[in-house]
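Report on the structure
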Amino acid sequence: MKSKMKFILGLLMALFGFIYIILALKNPGFFLPLKKGTTYVIYGGYIYTTIRLLIQNRIKGVKGKKIIIVGGGISGLISGIYARKAGFDVEIFEKNPVAGGECTGWDRGPYHIDNCIHWLMGTKQGSDLNKIWNTVGALDNVKVLSFDRMYTSKLNGKSITLYQDADRTERELIELSPEDEEEIKKLINNVKKAENVMIPANKPTDFWGLFDLIKMGKDMKVTFSLFKEYSGQDTKDLMNRFKHPLIKCMISDFCTRESLGRSFPIAYGNFVSGDGGIPQGGSRKMAERMEERLKALGGTIFKDSQVEKIEIKDKKGTGIIMSDGSFHSADYIICACDTDWTFNHLLGKEYMSNLFREVYNNREAYPVYGMFQAAFAVDGDLTLDSETILDFDKPEEWMSDRLTVKTYQYEPSFAPSGKQILQVLLGMEEKAYEYWEELYKNKEAYKAKKIEFAKVICQRITDEYPQFEGKLELLDTWTPMTYKRYCNAYKGYNQAFVITKKSRKNPYPSPYIKNLSNVILSGQWVSPPGGLPGAAITGKFAVQRILKKEKQDVDI
């Protein structure tokens with residue numbers, strides 16, 4: 001119906017243009033102060049372009065053309081939904097028994113462990129990203145929970161909280177460290193500016209025309225000013241503007257020290273704006289809603305289906321070969337999986353772009369990290385108001401000295417009555433992956449080490465919160481090897497590589513694959529530093545890129 005309306009509207013516009021030419025030629029200067037020749041050129045070109053697009057969109061179409069999507073994570077599901085809306089036949093192949101990729105959760109007895117969403121960018125109405133979440137059903141018929149604080153940082157017996165009320169945060173920061181007042185005010189001022197930072201997610205920037213550039217130039221004025229403010233600086237440089245050690249910790253508790261200096265004020269500004277809610281039910285439920293939307297639109301998803309290879313003939317991907325040897329043909333293929341897996345398993349390194357080669361070879365300029373995580377059941381009510389980050393006496397040098405503690409009291413369905421879930425996250429350096437990879441070869445040793453680390457963490461929690469003494473029950477632990485096994489994640493990292501001062505000026509990899517005309521990349525690895533927003537946007541963009549190849553309207 002939508003495409004039919006566009007056709008009728010375009011036809012009327014073309015007719016209007018034709019009548020306009022006749023009237024303008026008979027009455028020169030009446031409609032526009034232009035010569036006959038100029039008028040003819042302008043409106044003749046307009047009619048030609050309009051009719052040409054109408055013919056393309058009306059006659060060619062995409063009916064009967066099939067897109068195969070490798071990976072049923074968030075990016076794959078979104079690609080599938082938009083592809084169906086555009087009229088393509090869609091088949092998604094997912095290696096796991098459930099869709100959602102890293103946006104998932106799992107059960108341990110009567111408890112549910114949520115793996116992904118701490119806060120979701122795009123829950124606030126009106127943004128391009130919010131339109132994507134609504135289009136794909138991520139927020140359908142569900143309450144979005146909002147919170148008045150982002151997280152609390154603790155150090156040496158003192159604490160500071162990042163509130164949604166930035167003025168309150170500013171007052172408490174100044175009270176904590178009067179000698180940092182000037183820098184605190186400057187930081188909070190930039191955070192308030194960042195409330196208006198918008199992530200463009202309507203269509204790829206390489207599709208933008210003059211009017212898009214003018215509009216985005218106006219909308220992104222604040223963004224450009226923040227980029228300029230923190231140009232050439234990383235998070236460590238931002239930390240060093242302050243004297244108080246807790247303020248330094250507060251900043252690096254959210255962003256790694258190598259990440260760009262603008263990362264923290266933009267992220268906090270997004271939260272202050274009222275964005276960053278959590279869809280009730282958690283990560284797995286959100287993925288399930290998106291899967292339901294895909295099926296309702298007529299898309300198909302095959303689970304427990306491992307893709308082994310993309311078959312290539314004459315510089316085109318003709319289809320996919322499965323682990324059981326079966327073949328599925330396609331007109332287009334979207335690789336919505338880890339790019340390391342794509343180039344080292346599905347395709348071959350010869351298809352890797354120069355930027356991707358640089359990303360994987362220059363580990364200093366494009367680092368990744370690891371995480372050790374554990375979930376505990378807790379008796380009784382918890383007293384933690386928000387995510388809290390504690391100092392930690394790390395048992396290994398490649399571990400972080402900061403420990404994130406998060407409760408799920410806002411999700412009573414995750415635990416039986418009278419119980420709650422407490423989860424912890426301990427960051428690790430990239431080289432930790434080699435440690436876990438080697439340990440994983442001996443499953444008993446791997447399991448024992450996880451329990452050993454969990455006990456150390458448990459002790460740190462009870463030291464900080466004596467009321468939990470004897471009330472913590474270990475439910476599960478997971479490491480970089482969990483992400484590697486479950487999602488083929490590069491070095492077991494659950495996001496994308498970090499952009500640093502040593503990265504290229506334009507560090508964003510192309511979603512196109514050289515020498516392959518019909519294979520497109522999507523997912524967080526083509527939108528560093530990753531996360532759900534990058535996965536969502538690249539999923540939509542992948543379909544728009546295919547529509548452009550088909551000479552179709554990319555407005556979906």
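Here the structure is a predicted model, which is why all the values come from computation and not from measurement. (Residues numbered from 1 in each chain as written. Predicted model: local features only at pLDDT ≥ 70, side-chain atom pairs only at ≥ 80, totals over all residues. Heavy atoms only, no water.)

A word on the pairing of strand β16 (residues 399–407). Taken across its nine residues, β16 has seven buried, putting it largely inside the fold. Where strand β15 (residues 388–391) meets β16, four bridges bridge the pair, whose relative direction is antiparallel. Bridge pairing links L390 to L403 in β16. In the sheet, β16 pairs with strand β17 (residues 419–428) via six bridges, with the strands oriented antiparallel. Bridged to T404 within β17 is L425. (Buried < 20%, exposed > 50% of the residue type's maximum accessible area, 1.4 Å probe, protein only. Helix = DSSP H or I, 4+ residues; strand = E, 2+ residues; numbered from the N terminus. Pairing = 2+ DSSP bridges.)

The next subject is the pattern of salt bridges. All chains considered together, the criterion is met by 34 salt bridges. A salt bridge links K419 to D379; the shortest N-O distance between them is 2.3 Å. With K419 in strand β17 and D379 in strand β14 (residues 370–379), this pair connects stretches of sequence that are 40 residues apart. Residue K419 is classed as partly exposed on the basis of its relative accessible area of 27%. Taking relative accessible area as the criterion, D379 reaches 33% and is therefore assigned partly exposed. Of the charged contacts in the structure, one is a salt bridge between R460 and D391, with a shortest N-O distance of 3.3 Å. Of this pair, R460 sits in helix α16 (residues 443–464) while D391 is found in strand β15, placing the two residues 69 residues apart along the sequence. The partly exposed category is assigned to D391, whose relative accessible area is 28%. (Salt bridge = Lys/Arg side-chain N within 4 Å of Asp/Glu carboxyl O.)

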